[in-house]
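Structural description and commentary
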Amino acid sequence: MAQQKPQKQWGLTPPMSTSLPTDLDTTKNADLIEELKREDNYEGGEETQKRIKTLQLLNKVNLDFIREVGRRRRLPQSQIDPLGGKIYPYGSYRLGVYGPGSDIDTLAVAPNIVRREDFFELFPAILRKHAGPDAVTSLTSVPDAYVPIIKLVLNGIEIDLIFASIPSKETLGKDFDLKDNKILDGMDEPTIRAVTGPRVTDEILALVPEQKFFRTALRAIKLWAQRRAIYANIVGYPGGVAWAMLVARVCQMYPNALGGTLVQKFFGILKAWNWPTPVQLKDIEKGSQRTWNPALYAGDKKNLMPVITPAYPSMCATFNITQSNKAVIIREIERGSKIADDIFNGKAKWEDLFKKHTFFTHDHKYYISIIASCNEPDGAKAWAGAVESKVRHFIGALDANTKMIKLARPFTKGFRRVHRCENEDQIKAVKRGEMKYKIQETKTVESTDPELVAANGPGTATNNDDATPSVPDGPGTQTVYTYTYYVGIDPTALLEQTKNLDIQAETSSFKDRCYGWDKIDINKHFVEVVPCKNWMLPDDLFDLSAGEIKPSKPAKKRKFNGTDNAEESPTRKQAITSVNGAPTPSVNHGSETPVMTAQAV
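Going along each chain's sequence as written, the residues are numbered from 1 onward. Two thresholds apply to this predicted model, a pLDDT of at least 70 for residue-level local features and 80 or more for giving and counting side-chain atom pairs, whereas whole-chain, interface and lining totals are computed over all residues. With hydrogens and water excluded, all non-hydrogen atoms of the structure serve as input to the side-chain values.

As annotated in an unreviewed UniProt entry, the protein carries the name Polynucleotide adenylyltransferase and comes from Neophaeococcomyces mojaviensis.

1. With respect to the sheet that holds strand β4 (residues 149-154)
Counted only if it meets this: At least two bridges found by DSSP between two strands is the condition for calling them paired. Where helices and strands are cited, they refer to DSSP runs of H or I of at least four residues and of E of at least two residues respectively, numbered from the N terminus. Angles shown run from 0 to 180 degrees and are taken between the N-to-C directions of axes, each axis being a line fitted to C-alpha atoms and, for helices, limited to the stretch in contact. The contact criterion used throughout is that any non-hydrogen atoms of two residues lie within 4.5 Å.
The mixed open sheet is built from 5 strands, whose spatial order is β1-β2-β5-β4-β3. Strands at the two margins of the open sheet, each flanked by one partner only, are β1 (86-90) and β3 (136-142). Here the average twist between neighbouring strands, direction ignored, is 25°. Summarising the sheet, strand β2 (residues 104-111) and strand β5 (residues 157-166) pair through 8 bridges and their orientation is parallel. Among the inter-strand pairings, Ala 110 is bridged to a residue of β5, identified as Ser 165. With respect to the sheet, helix α6 (residues 189-206) is in contact with β1, β2 and β5, its orientation differing from that of β5 by roughly 115°.

2. Looking at the pattern of salt bridges
For clarity, the cut-off: What counts as a salt bridge is simple: a side-chain nitrogen of Lys or Arg found within 4 Å of a carboxyl oxygen of Asp or Glu. Classification of residues uses two cut-offs on accessible area relative to the type maximum, computed with a 1.4 Å probe and protein chains only: under 20% is buried, over 50% is exposed, and between them is partly exposed.
For the coordinates displayed, the defined rule picks out 32 salt bridges. The partner of Arg 51 in a salt bridge is Glu 43, and the shortest N-O contact between them spans 2.9 Å. Considered together, Arg 51 and Glu 43 belong to a single accessibility category, that of buried residues. Measuring nitrogen to oxygen at the nearest pair gives 3.6 Å for the salt bridge that ties Lys 50 to Glu 47. Of this pair, Lys 50 and Glu 47 both sit in helix α2 (residues 45-72), 3 residues apart, roughly one helical turn. Overall, Glu 47 belongs to the partly exposed group, its relative accessible area being 36%. Bridged by salt links that share partners, the residues Asp 64, Glu 68, Arg 71, Arg 72 and Glu 121 form one connected network.

3. Thoughts on the packing of helix α8 (residues 240-253) against helix α9 (residues 259-271)
Definition in use: Should an angle fall under 35 degrees it is taken as roughly parallel, and over 145 as roughly antiparallel, whereas 65 to 115 is taken as roughly perpendicular and any remaining angle as oblique. As a working rule, the residues Ala, Val, Leu, Ile, Met, Phe, Trp, Tyr, Cys and Pro are called nonpolar, Asp, Glu, Lys and Arg charged, and the rest polar, with Gly in that last group.
Remark: α8 packs on α9, axes separated minimally by 9 Å, with the N-to-C direction vectors making an angle of 100°. It follows that α8 is roughly perpendicular to α9 by the angle criterion. Every residue of α9 that contacts α8 at Trp 243, Leu 246, Val 247, Val 250, Cys 251 and Met 253 is listed here: Leu 262, Lys 265, Phe 266, Ile 269 and Leu 270. Of the residues contributing to the contact of α8 with α9, the split by class is 10 nonpolar, no polar and 1 charged.

4. Let's talk about the packing of aromatic side chains
Each aromatic ring pair is specified by the distance between its two centres and by the angle formed by the two planes. The condition is simple: Side-chain rings of Phe, Tyr and Trp (the six-membered ring for Trp) are treated as a pair once their centres are within 6.5 Å; stacked means planes under 30 degrees apart, edge-to-face means over 60, and tilted covers the remaining angles. For a Lys NZ or an Arg CZ to count as sitting over a ring, it must be within 6 Å of the ring centre and within 35 degrees of the ring normal.
Enumeration according to the criterion identifies 27 aromatic pairs in this entry. Grouped by ring-pair contacts, the aromatic residues Phe 359, Phe 360, Tyr 367, Phe 411, Phe 415, Tyr 486 and Phe 542 constitute a single cluster. Over the ring of Tyr 146 we find Arg 193, and its NZ or CZ is 3.7 Å from the ring centre. For the cation-ring pair, Lys 431 lies above Phe 526, with the distance from its terminal atom to the ring centre recorded as 3.4 Å.

5. Focus on the side chain of Thr 261
On the secondary structure map, Thr 261 appears in helix α9. On the accessibility criterion, Thr 261 (7% relative accessible area) is buried.

6. Quick notes on the packing of helix α7 (residues 211-227) against α9
Note the threshold: For a crossing to be left-handed, the near helix must be turned anticlockwise from the far one by less than a right angle; the clockwise case is right-handed.
Two elements in contact, α7 and α9, have axes separated by 8 Å at closest approach and are oriented at 50°. The angle between α7 and α9 places the two elements in the oblique class. In the packing of α7 onto α9, the handedness of the crossing is right-handed. Facing α7, whose interface residues are Phe 213, Phe 214, Thr 216, Ala 217, Ala 220, Ile 221 and Trp 224, α9 presents Gly 259, Leu 262, Val 263, Phe 266 and Phe 267. Among the residues forming the contact of α7 with α9, the class breakdown is 10 nonpolar, 2 polar and no charged.

7. Describing the pairing of strand β11 (residues 526-533)
Burial within β11 is extensive, with 7 of its 8 residues counted as buried. In this structure, strand β6 (residues 366-374) lies alongside β11, joined through 8 bridges in antiparallel fashion. Bridge pairing in β11 places Tyr 366 opposite Lys 533.

8. A word on the pairing of strand β10 (residues 478-491)
Burial analysis of β10 places 13 of its 14 residues in the buried class, which makes it a mostly covered element. Here 9 bridges tie β6 to β10, and the two strands are oriented antiparallel to one another. Directly across from Ile 370, in β10, lies its bridge partner Tyr 485. In terms of strand pairing, strand β7 (residues 405-410) meets β10 through 5 bridges, oriented antiparallel. By the bridge assignment for β10, Pro 410 is matched with Val 487. Relative to β10, strand β8 (residues 414-421) is paired through 7 bridges, and the arrangement is antiparallel.

9. Focus on the nonpolar core
This is how the line gets drawn: The set of buried Ala, Val, Leu, Ile, Met, Phe, Trp, Tyr and Cys residues whose side-chain atoms join them within 4.5 Å is what this entry labels a nonpolar core.
Of all hydrophobic cores here, the largest spans 97 residues; its most connected members are Phe 214, Trp 224, Trp 243, Phe 266 and Leu 398. At 11 residues, the largest contribution of residues to this core is made by α8. If we ignore the near neighbours within four places in the chain, the residues touching Trp 224 are Ile 230, Trp 243, Phe 266, Phe 267, Glu 332, Ile 333, Arg 335, Leu 353 and Phe 354. Ile 87, Tyr 93, Val 114 and Phe 119 belong to the second largest nonpolar core, which has 33 residues in total.

10. Here we look at α6
Under the convention used in this document: Residue count minus one, scaled by 1.5 Å, sets the expected span of a helix. Fitting axes to the seven residues ending at a residue and to the seven starting there, one defines the bend at that residue as the angle between these axes.
With 18 residues, α6 should cover 26 Å at 1.5 Å per step; its first-to-last C-alpha distance of 25 Å lies within 8% of that length. The principal kink in α6, of about 30°, is found at Thr 196, preceding the proline Pro 198 by one to four residues.

11. Overview of the confidence of the model for the protein
Note: predicted coordinates in regions of low pLDDT should not be interpreted at a detailed level. Under the convention used in this document: The predictor's confidence in any single residue is recorded as pLDDT, a number from 0 to 100.
Confidence along the protein averages 89 in pLDDT terms, with 87% of residues attaining 70 or more. Taken together, the stretch residues 451-463 has pLDDT below 50 and engages in 45 contacts with residues farther than four places along the chain or on a different chain.

Written as structure tokens, this is what we have:
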């Protein structure tokens, strides 16, 4: 009798199971795909073709751009023709898990004759020339970002375009391989970070047994993480790259499993994971570049939930997870595990897994608002990005305040509001959260910078034809633009007892970080930190059409003799909304009841 051929080992350890799918697995996988379709998770064929044609256009533009640089360097045509170049998509598009409205992360690669300065000077104009009128509806260059980037909308598709010149290559022929570690020789740090995205994406795909089932599982996990508000690299949650690597590791453990089964195993494996044991898809390659090594680097040793990129030089994609974020992630994984098990036991449906978070409606009694403000729309946008990139540091400081705070949970999106004020008092009130003067519908905003690329916050935009429309000021009025980021607070028993949230030191340190921004204008850019109770939250955070209910103010307590306690004591009035015991002014957040906010520190 012939022996069964041994199955290939994927990853660092033998598989947990090589069992083939059962009828139940097949049914639940089909149910999952149908639910993902109902959730509008898949893009139509026509839109996908538009993406393909758009990438082909970018590739032509890149080649023409490189030739133009050659001409400006006065090279003979015989040297210009073979220069070569290529566009590499990565992220969700390359992984095959994009949906309607998804952006495309792309890398433009050029030989060493092309400099980064050439890219920002010449590429936009050549793109417009090739694309034709009205094809490029916005374009913003950010040359001094952590990794320089051009953010644009081409043919209705949002594209994040970064650039890498290969120092060791005078030409880029058909044999050029971005996965070759030798291309890193002579690269500066921004260029290494630029090529890391595509290299990581390709490694992930090469390290999973069945890409089809990996993609189904990853679509589900991404949707779950987004719905449960734990998908945002900039504020300390795993982003798309990290979630992809976590799913890929589970695929390695169950090489024959279908997508639905992989989702169930995903939650089971991670619920039992012994953090900070790292999640790795392969051994870490050694070389001249710095790689993740907790035995050697103190910063690496502090990683709470390390997920290590497989491409050299390996790094931790989850380095910024805080203690509170870890607690929230584990809590959501435990919830997901129970629901996934119930799905396979016939007690729940996939739609239950994807139910929206209850961050504002139910999860916390207290909140902190971080309000970035400016009187110019684009100035506010850039300033808000700088403030948002510092939020995780604020969360880390709050985590250290164990006397007052059990958990500090940042929300994954910001809220943009536009206000019109008539005097300085109104402007001051708006900077601290007043909603009375709001003149436009509130918009949710989130960072879309490519992961592992723009990790240190935004730089300054130039060549910007994507300016945020300004609201004209009327006679004697001034428009103020605010971006607000919310943090849910779980208090300790001491805080519940004293009702005095002392975060003066944490707030001062956070503000110092923000005001250390290299583009700061102290006459235009402001940030305030304002704590409040859940019933004081602005009305525009709640989707009433979807049945969300804003927390209500607790009923007044009665005295022991049974009479109404018509007026609360000064201590009760201060409640959680004082900072370091300081009394605070009344501010209206759009509800009928005036609320108290923290005094500026």
